[in-house]
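Listed below, chain by chain, are the residues.
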Amino acid sequence: MKNLYITLSFVAISFTISAQNKSTAAADKLFARFEYVDAAKEYLRLVENDKGDSYVYKQLAESYYNVFNTKEAAKWYAKVTDTNQDAETYYRYAQMLKADGKYEEANKQMQKFAAAAPSDSRAIAFKQNPNYVPKLLDKTKLFNVNPSDISSDKSDFGAVLYDNAVYFTSARNGARKTYGWTDEPYLDIYRADYDSDGKVTNATPVGDLNSRWHDGPITISADGKTAYFSSESFKEKESQKDKKANAKISQVYLFKTTKTGDKWGNIEEVSFNDKTYSNSNPSLSRDGKTLYFTSNRPGSIGGTDIWKVAINDDGTYGEPQNLGVKVNTEGNESFPFIADDNKTLYFASAGKQGLGGLDVYKADLSNGSDASNLGAPVNTEKDDFAFTFNAVKNAGFLSSNRNGNDDIFAVSPICGVDVLVVVTNAKTGAILTNSSVSILDDKKNVIATEMSNAKGEVTYRVECDKPYVVQASKDGFEGNTFAVNKSKGPTAKVDAALSPIEDIIKTTEVVLNPIFLNMTKVILPEKEHLS
């Protein structure tokens with residue numbers, strides 16, 4: 001269901017849909033209306049009646065891709081790719097294979113993708129590091145992930161904790177009209193109580209905000225008086241007509257609302273909405289000055305990107321800004337969440353190197369560094385997205401379909417220490433690059449080995465309150481070990497100074513260190529010249 005806020009458009013009315021041919025007309029109409037479950041059934045019926053061809057196979061693959069039925073999608077992509085395809089088809093096929101843990105087969109499709117789109121950032125990243133999966137799986141565990149009381153048997157996602165309340169988006173309201181994408185009810189915004197033990201209870205719909213359309217996710221200001229949420233442009237009676245499909249297309253819009261007492265009201269759309277593109281998945285900074293969101297607006301690098309917009313003191317908005325290539329790719333990025341420090345951004349991406357489907361990444365917006373994958377268990381081979389975290393409660397939430405349905409999981413941080421090792425020449429103080437640096441646990445097991453960078457540095461993340469040992473070595477220097485004492489972090493520095501090994505043979509002489517004998521004190525000359 002989260003795909004609604006990645007594709008970012010909805011069909012309201014559809015009269016006639018242009019089809020590949022008369023036999024595919026019914027299936028094509030369903031596909032154009034985003035009713036992928038029923039569309040797949042119609043395309044399968046054509047295959048069963050010997051009317052399948054490359055077009056039908058492709059439509060089947062795309063239908064299953066859009067509902068994240070990985071096995072069926074891969075099955076039909078395999079038939080499609082018997083002949084040459086566009087680059088994105090190879091990429092989607094690779095994603096479905098990865099989602100089933102078939103990494104070697106996925107790499108074969110990524111090679112085809114890279115050949116078809118060599119300048120794509122996803123292709124460049126793959127060619128530079130094709131075997132990245134083992135490294136991701138070996139990353140230090142940052143969070144514990146556990147099932148949450150919030151989840152139902154329908155799609156639930158986008159949970160965020162404010163004070164003692166959890167707001168989230170759900171399709172659990174059986175009284176709502178069913179949406180054809182996944183045959184589930186339309187989305188609503190819900191609120192639940194969060195107690196001191198982290199238990200979530202009393203989930204109820206936020207009636208002030210929910211409409212007959214899809215509503216949610218939501219973000220709320222630090223004082224709890226202002227919120228931004230996603231809904232449809234149909235709410236404003238705005239849509240765009242698709243002449244080819246003879247259909248009205250709704251976009252996802254962002255809306256602002258304020259709270260008086262216990263009631264939300266004064267709902268108004270933001271000024272930068274537009275009926276030709278969508279804005280969704282808002283996240284408001286704690287200082288209330290910046291709104292982050294997902295959009296496919298002009299200037300996007302890929303299908304959907306992460307954007308930000310300044311909120312001025314008078315309530316007006318600045319010009320939306322794309323977060324650039326450190327965050328966005330030619331694929332889809334979505335579900336931004338800006339942390340309490342106003343600089344750490346969590347987001348989901350299907351374009352960066354991950355374990356499969358959507359993965360969660362973290363970026364430090366204050367220094368422009370590359371985004372990093374959060375690794376397992378936050379990320380799996382399935383879709384993992386909508387990561388949020390409350391620093392005061394030291395708790396957060398994650399959405400994932402790892403169990404076959406979009407569910408909400410509770411996350412708690414694992415105490416960690418970032419150990420910075422700096423390797424230098426003990427005699428001169430000069431930094432030593434390309435030194436081998438290993439970190440070992442208290443049982444002398446080697447956890448990881450890296451080479452020092454241009455600054456002589458290697459960084460490791462280890463668990464709090466555990467002792468570790470660093471081993472450093474380099475040709476021409478005596479290897480040595482250095483203790484990493486128990487610590488709660490967040491950082492620790494190890495100065496690994498290595499002593500150079502002096503030459504024992506020179507061109508014209510042998511250099512011998514003094515030798516002391518126990519019987520009598522005999523001191524040999526320091527230098528014995530060769531004749």
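Placed above this text is the structure.
Residues numbered from 1 in each chain as written. Predicted model: local features only at pLDDT ≥ 70, side-chain atom pairs only at ≥ 80, totals over all residues. Heavy atoms only, no water.

1. Some details on the overall build of the protein
At step 1: A tally of helices and strands in the protein yields nine helices and 33 strands.
At step 2: Taking all 531 residues of the protein together, the buried fraction comes to 48%.
At step 3: Taking contacts inside the protein between residues at least 6 apart in sequence as the whole, the part at least 24 apart equals 51%.
At step 4: A total accessible area of about 25,700 Å² is found for the protein, and carbon and sulfur atoms account for 48% of it. (Helix = DSSP H or I, 4+ residues; strand = E, 2+ residues; numbered from the N terminus. Buried < 20%, exposed > 50% of the residue type's maximum accessible area, 1.4 Å probe, protein only. Contact = heavy atoms within 4.5 Å. Areas by Shrake-Rupley, 256 points an atom, 1.4 Å probe, with all protein chains shown as cover.)

2. Some words on the pattern of salt bridges
At step 1: Inspection of the entire model under this criterion finds 16 salt bridges.
At step 2: As a salt-bridge pair, Arg-45 and Glu-42 come within 2.6 Å of each other at their nearest N and O atoms. Here Arg-45 pairs with Glu-42, and both are found in helix α3 (residues 36-48), just three residues apart, close to one helical turn.
At step 3: Looking at Glu-42, the relative accessible area reads 25%, which means it is partly exposed.
At step 4: Salt-bridge contacts for Asp-153 lead to Lys-154; the nearest nitrogen and oxygen are separated by 3.7 Å.
At step 5: By relative accessible area, Asp-153 is classed as exposed at 62%.
At step 6: Residues joined in a network through salt bridges with shared partners are Glu-88, Asp-120 and Arg-122. (Salt bridge = Lys/Arg side-chain N within 4 Å of Asp/Glu carboxyl O.)

3. Observations concerning the environment of Val-325
At step 1: With respect to the helices and strands, Val-325 occurs in the loop between β17 (321-322) and β18 (333-338).
At step 2: A C-alpha to C-alpha distance of 9.7 Å links Val-325 and Asp-305, two positions 20 residues apart in sequence.
At step 3: Beyond its immediate chain neighbours, meaning those up to four positions away, Val-325 contacts Ile-301 and Lys-352.

4. A few points about the packing of helix α6 (residues 87-99) against helix α7 (residues 103-116)
Helix-helix packing is characterised by the crossing angle of the two axes and by the distance between the axes.
At step 1: Interaxial distance between α6 and α7 falls to 8 Å at its minimum, and their mutual angle equals 165°. Classified by the angle their axes make, α6 and α7 are roughly antiparallel. Crossing geometry of α6 relative to α7 is assigned as left-handed. Taking contact as the criterion, the partners of Ala-87, Glu-88, Tyr-90, Tyr-91, Tyr-93, Ala-94, Leu-97 and Lys-98 in α6 are, on α7, Tyr-103, Glu-105, Ala-106, Gln-109, Met-110, Lys-112, Phe-113 and Ala-116.
At step 2: In the contact of α6 with α7, the residues fall into eleven nonpolar, one polar and four charged. (Axes fitted to C-alpha atoms, helices over the stretch in contact; angles between N-to-C directions. Parallel < 35°, antiparallel > 145°, perpendicular 65-115°, else oblique. Left-handed = near helix turned anticlockwise from the far one by under 90°. Nonpolar A, V, L, I, M, F, W, Y, C, P; charged D, E, K, R; others polar.)

5. Observations regarding the packing of aromatic side chains
At step 1: All told, the structure shown has 18 aromatic pairs when counted by the stated rule.
At step 2: Considering the side-chain rings of Phe-143 and Phe-389, the 6.0 Å spacing of their centres and the 65° angle between planes classify their relative orientation as edge-to-face. Separated by 246 residues along the polypeptide, Phe-143 in strand β2 (residues 143-147) and Phe-389 in strand β22 (residues 384-390) bring together distant segments of the chain.
At step 3: Classification of Phe-389 as buried rests on a relative accessible area of 16%.
At step 4: Ring plane angle 25° and centroid distance 5.8 Å describe the contact between Phe-229 and Phe-255, whose orientation is recorded as stacked. (Phe/Tyr/Trp six-rings, centres within 6.5 Å; stacked < 30°, edge-to-face > 60°.)

6. Considering the pairing of strand β7 (residues 188-194)
At step 1: Taking burial as the measure, the seven residues of β7 include five buried ones, the bulk of the element.
At step 2: Hairpin connection between β7 and strand β8 (residues 200-205): a loop of five residues separates the two successive antiparallel strands, and Gly-198 in this loop has a positive phi of roughly 85°. (Pairing = 2+ DSSP bridges.)

7. Regarding the sheet that holds β8
At step 1: Ordered by their spatial adjacency, four strands build an open sheet running β3-β4-β7-β8, and the pairing between neighbours is antiparallel. Of all strands in the sheet, those bounded by a partner on one side alone are β3 (156-162) and β8. Strand-to-strand, the axes of this sheet are offset by a mean angle of 25°, without reference to chain direction.
At step 2: Relative to strand β4 (residues 165-170), β3 runs antiparallel, the two being bridged by five bridges. Considered in β4, the bridge of Phe-157 is made with Thr-169.

8. With respect to the nonpolar core
At step 1: The biggest cluster of nonpolar side chains holds 38 residues, and the ones touching the most others in it are Tyr-43, Leu-60, Tyr-77, Met-96 and Phe-113.
At step 2: Secondary-structure elements contributing two or more residues to this core are α2 (25-32), α3, α4 (54-66), α5 (70-80), α6, α7 and α8 (121-128).
At step 3: The greatest single-element share of this core, amounting to eight residues, is contributed by α6.
At step 4: Core analysis: the next-biggest nonpolar cluster, separate from the first, contains 28 residues, Phe-143, Ile-189, Phe-229 and Val-378 among them. (Core = buried A, V, L, I, M, F, W, Y, C linked by side-chain atoms within 4.5 Å.)

9. Topic: the packing of α5 against α6
At step 1: Close contact between α5 and α6 brings their axes to 9 Å; oriented N to C, the two are set at 140°. The angle between α5 and α6 places the two elements in the oblique class. For the crossing formed where α5 meets α6, the hand is left-handed. Facing Thr-70, Ala-73, Ala-74, Tyr-77, Ala-78 and Val-80 of α5, the residues of α6 in contact are Thr-89, Arg-92, Tyr-93, Met-96, Leu-97 and Ala-99.
At step 2: Partitioning the contact of α5 with α6 into residue classes produces nine nonpolar, two polar and one charged.

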